[in-house]
Amino acid sequence: MCGNSDFRNIVLIGFMGAGKSTVGRALAAAASFRLVDTDDLIIQNRGRSIPQIFAEEGEKAFRRYETEALRSLADTRGLVVATGGGIVGRPENWDLMRLLGPIVYLRAGWPTLRARIGACTNRPLASGDRSEEEVVALLQNRLPLYEQADLIVDTENKTVAEVIDEIRRGIENGCEHG
């Protein structure tokens, strides 16, 4: 898939705080693509915030909505798709993401992620009622899933421009793991 320079879209995955939205905006501008954030699609389709959906319907319903959001993009081209951190947990999401285009895992270590997440209130799985140990365990559980990506790009101590450059080179070179 990645060796093909005629890819349709680019899909960004990674843990919360990995830089999917930030890198996604800049990558979309650089590639003359449009940024689509699956969380924003869910908010638009459901008319409620992510924390509200988690509180009212639970994580299981939210994960179904993520799959629906991916499915709604199936016939599109020219997108950078920034996904939620847990989208990798459902096998059907992998099939849908692979249909969209190369999957790029934005990787960062826990100290960096923790600093980036900070006191963010719109991340239900990192909210104040979860201990740091629980969030780290969540990250550890997802790592093997993230590493199934077509391309892995470390974001530690890199500018957004450097990350974008690495993504572009990786895709052009057939998406070897970084």
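So, how was this worked out
Residues numbered from 1 in each chain as written. Predicted model: local features only at pLDDT ≥ 70, side-chain atom pairs only at ≥ 80, totals over all residues. Heavy atoms only, no water. pLDDT = per-residue confidence, 0-100. Contact = heavy atoms within 4.5 Å. Core = buried A, V, L, I, M, F, W, Y, C linked by side-chain atoms within 4.5 Å. Buried < 20%, exposed > 50% of the residue type's maximum accessible area, 1.4 Å probe, protein only. Helix = DSSP H or I, 4+ residues; strand = E, 2+ residues; numbered from the N terminus. Phe/Tyr/Trp six-rings, centres within 6.5 Å; stacked < 30°, edge-to-face > 60°. Salt bridge = Lys/Arg side-chain N within 4 Å of Asp/Glu carboxyl O. Pairing = 2+ DSSP bridges. Axes fitted to C-alpha atoms, helices over the stretch in contact; angles between N-to-C directions.

K.L.:
Sorry if this is basic, but what is going on with the confidence of the model for the protein here?
P.N.:
Close inspection of predicted coordinates is inappropriate for parts of the model with low pLDDT. Within the protein, residue pLDDT values average 88, and 87% of them lie at 70 or more. Below a pLDDT of 50 lies the segment residues 121-125, which in the model reaches 16 contacts outside its immediate sequence neighbourhood of four places, other chains included.

K.L.:
Just to check I follow, could you spell out the nonpolar core for this structure?
P.N.:
Most often, soluble globular proteins have nonpolar side chains that are buried together. The biggest cluster of nonpolar side chains holds 51 residues, and the ones touching the most others in it are Leu12, Ile13, Phe15, Met97, Val104, Leu106 and Ile167. Tallying contributions element by element places helix α4 (residues 59-72) first for this core, with five residues. Beyond its immediate stretch of four places on either side in the chain, leucine 12 contacts Lys20, Val23, Gly24, Leu27, Val80, Val81, Ala82, Thr83, Val104, Leu106 and Ile167.

K.L.:
Any chance you could explain the packing of aromatic side chains here in plain terms?
P.N.:
Aromatic ring pairs are described here by two measures, namely the spacing of the ring centres and the angle between the planes. The tally for this structure, following the rule as stated, stands at two aromatic pairs. Judged by centre distance (5.0 Å) and plane angle (40 degrees), the rings of phenylalanine 54 and phenylalanine 62 are tilted. Taken as a pair, phenylalanine 54 and phenylalanine 62 share a single burial class, namely buried. Both rings, one in tyrosine 105 and one in tyrosine 146, keep their centres 5.0 Å apart while their planes meet at 20 degrees; by these two values the pair is stacked.

K.L.:
Any chance you could explain the pattern of salt bridges here in plain terms?
P.N.:
One side chain can pair with another of opposite charge once the charged atoms of both are near each other. Applying the stated rule across the entire model yields eleven salt bridges. Residue arginine 48 pairs with glutamate 57 through a salt bridge whose shortest N-O separation is 2.4 Å. Given a relative accessible area of 32%, glutamate 57 falls into the partly exposed group. When the shortest N-O distance is used, the salt bridge between lysine 158 and glutamate 166 registers 2.5 Å. Where salt bridges share partners, they join Arg48, Glu56 and Glu57 into one cluster.

K.L.:
Whenever I open this one, the sheet that holds strand β4 (residues 103-107) confuses me. Can you help?
P.N.:
Sheet strands associate in pairs through backbone hydrogen bonding, adopting either a parallel or an antiparallel arrangement. Spatially, the five strands line up as an open sheet ordered β2-β3-β1-β4-β5, and their pairing is parallel. Strand pairing shows two members of the sheet lacking a second neighbour, β2 (34-37) and β5 (151-154), which therefore form its edges. With direction set aside, neighbouring strand axes in the sheet form an average angle of 25 degrees. One ladder, built from four bridges, connects strand β1 (residues 9-13) with strand β3 (residues 79-82); its direction is parallel. Bridge assignment links isoleucine 10 to a residue of β3, and that residue is valine 80. Docked against the sheet, helix α2 (residues 38-46) engages β2 and β3, running at close to 65 degrees with respect to β2. Sheet strands in contact with helix α8 (residues 160-172) are β1, β4 and β5, and its direction is about 160 degrees off that of β5.

K.L.:
Is there a simple way to think about the environment of isoleucine 10 in this case?
P.N.:
Locating isoleucine 10 in the fold gives a position in strand β1. You can call isoleucine 10 buried: its relative accessible area is 3%. Separated by 88 residues in sequence, isoleucine 10 and arginine 98 place their C-alpha atoms 9.5 Å apart. If we ignore the near neighbours within four places in the chain, the residues touching isoleucine 10 are Leu27, Phe33, Leu79, Val80, Val81, Pro102, Val104 and Ile171.

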